[in-house]
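# Chain and residue survey
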Amino acid sequence: MDYKNAGVDIEAGYQAVELMKKHIAGTMRKEVLSGIGGFSGAFSMDAFKNMEQPTLVSGTDGVGTKLKLAFEMDRHNTVGIDCVAMCVNDIACAGGEPLFFLDYIACGKNKPEKIAEIVSGVAEGCKQSGAALIGGETAEMPGFYPENEYDLAGFAVGIVDRKDMITGQTVTKGDVLVGIASSGVHSNGFSLVRKVFDIKKESLERTYESLDGKSLGDVLLTPTVIYVKALRSVKEGGVTIKGCCHITGGGFYENIPRMLPEGVRARIQTDSYPVPPIFDMLAKDGDIAGEVMYNTYNMGIGMLLAVDAADADRTVELVAQAGRQAYIIGEIDTGDKGITLE
C-alpha cells in the first residue's frame, strides 16, 4: 500500500505544477522575490516605502456553486477569473492596489490538465488586476470530493496610503451615484440560479434570442468583471471617490448601505441603466419578485461609486477610458442609512 493506492497521486501534483508555470509567469511583478515551488511567496515592499502611511488591505473569497456549471460544461478556464475578481474588487473598494494573490484548489482527483486550465483563469484574473500570482495549493482529497469536482478559493493582498483609503465617511447629501456595469450574474446567487434553471449540459448549451443568441451556459459562466483598472482610472483622473461598493451576494439592499455613514440614504433609479436580459429571464422563469432580485443579484451594476455631483460626468468618462461602461443611477439623500429603489 502507498499514497497513490490511497487515492493521492503525488506525481500528478508535480505535473500540474509544471503545466501551470507558464500561466503564472505572465503575472509576475518586479517586487516578487520568490519562485514557484517554494514553501511561501515573498514580495518586496520597497516600492511603497515612500507612502506616508502604507496600509495593507486584503480580501478572500471563493467562486461558490457557480462551479457546478463549470463541472457540467467541462469548462474550467473562466472560474479562476471569478475567484480573483471576488478578492481584488474588494481591495479596490478600499482604494487599494492589488499586489499579490494566492489560490487554493481542493479536488477529488488531481487531473493535471484540468488544474492547469483552472490556474490559467486565475492567472488571467491576476493580469487584469495587476496582481502577481505568487503561490497556491492544490489539495487532492479522494473520498471527500467527487472525482470530477473541486472547490476554488483565493486570497489577495493590496496596499494603499491611509490618506487615500475609501471609507465612505464623507458621503453626504447631494453626492451622485455612478454605477459600473457588470457582465451578468458574476459569482453570487448561483444556488438560486440552479433552482430556477436546469443545469444539465444539454440545457446549458441551448441558445436564446433573449440572450442575444448566446447559450444559457455561456451567459452564466461569463466571468466576473475586475474593476481595478476602472477605479484606478477614476483616481488618476483626479476624482475623489467618497464611497465605493462591490455589489456581490446580498445585492443592492445588503451591500450599498455598507459604504454609507449614518444619516444618509441612497436613492437608486432602476430605469437609469439597462438590466442584462439574464436577470429578466431569471425573474420570469423563477417567479422571483423584484425586491428579491435586488436583494440577491447585482442587477447589472457590479460596482457603485459615490462622488461629488460636479465629478459625476467626469467619472463616467474616466471609467469609459478604462474600457468599462458606467451610468449615473442615483444620488445621496438624508434619511435612515439604507437604499430606496425608485
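It should be noted that the structure appears before, not after, this text.
Now for a quick tour of the structure.

Conventions adopted
Residues numbered from 1 in each chain as written. Predicted model: local features only at pLDDT ≥ 70, side-chain atom pairs only at ≥ 80, totals over all residues. Heavy atoms only, no water. Pairing = 2+ DSSP bridges. Helix = DSSP H or I, 4+ residues; strand = E, 2+ residues; numbered from the N terminus. Axes fitted to C-alpha atoms, helices over the stretch in contact; angles between N-to-C directions. Contact = heavy atoms within 4.5 Å. Expected span 1.5 Å × (residues − 1). Bend = angle between axes of the 7 residues up to and from the residue. Buried < 20%, exposed > 50% of the residue type's maximum accessible area, 1.4 Å probe, protein only. Parallel < 35°, antiparallel > 145°, perpendicular 65-115°, else oblique. Left-handed = near helix turned anticlockwise from the far one by under 90°. Nonpolar A, V, L, I, M, F, W, Y, C, P; charged D, E, K, R; others polar.

### Observations regarding the sheet that holds strand E3 (residues 132-140)
- Taken together, four strands build an open sheet; the order of strands is E1-E4-E2-E3 and the sheet is mixed. With partners counted over all chains shown, the strands left at the sheet margins are strand E1 (54-62) and E3, one partner each. Here the strands of the sheet are splayed against their neighbours by 15° on average, with no regard to which way each runs.
- Looking at chain direction, E1 and strand E4 (residues 150-161) are connected through nine bridges and run antiparallel. When the bridges of E4 are listed, Gly62 appears paired with Ala153.
- Along the sheet, helix H3 (residues 79-93) contacts E1, strand E2 (97-107) and E4; its crossing angle with E4, the most-contacted strand, is approximately 30°.

### Considering the environment of Gly62
- Summarising the element assignment, Gly62 is placed in strand E1.
- As a C-alpha pair, Gly62 and Met293 span 231 residues in sequence and 22 Å in three-dimensional space.
- In contact with Gly62, other than residues within four places in its own chain, are Met86, Leu152 and Ala153.

### A short note on H3
- Between its terminal C-alpha atoms H3 stretches 21 Å, which fits the 21 Å expected from 15 residues at 1.5 Å a residue.
- In H3, a bend of some 25° at Ala85 exceeds every other bend along the element.
- Among the 15 residues in H3, 14 count as buried, and that is most of the element.
- Just beyond H3, the residue with positive phi is Gly95, at close to 90°.

### Notes on the packing of helix H8 (residues 228-236) against helix H12 (residues 312-321)
- It is the contact of H8 with H12, at a shortest axis distance of 8 Å, that shows an interaxial angle of 130°. By the angle between their directions, the pair H8 and H12 is classed as oblique. Along this stretch, H8 crosses H12, giving a crossing that reads as right-handed. Where H8 approaches H12, its residues Ala230, Ser233 and Val234 are matched on the opposing element by Thr315, Leu318, Val319 and Gln321.
- Classifying every residue of the contact of H8 with H12 by side-chain character gives four nonpolar, three polar and no charged.

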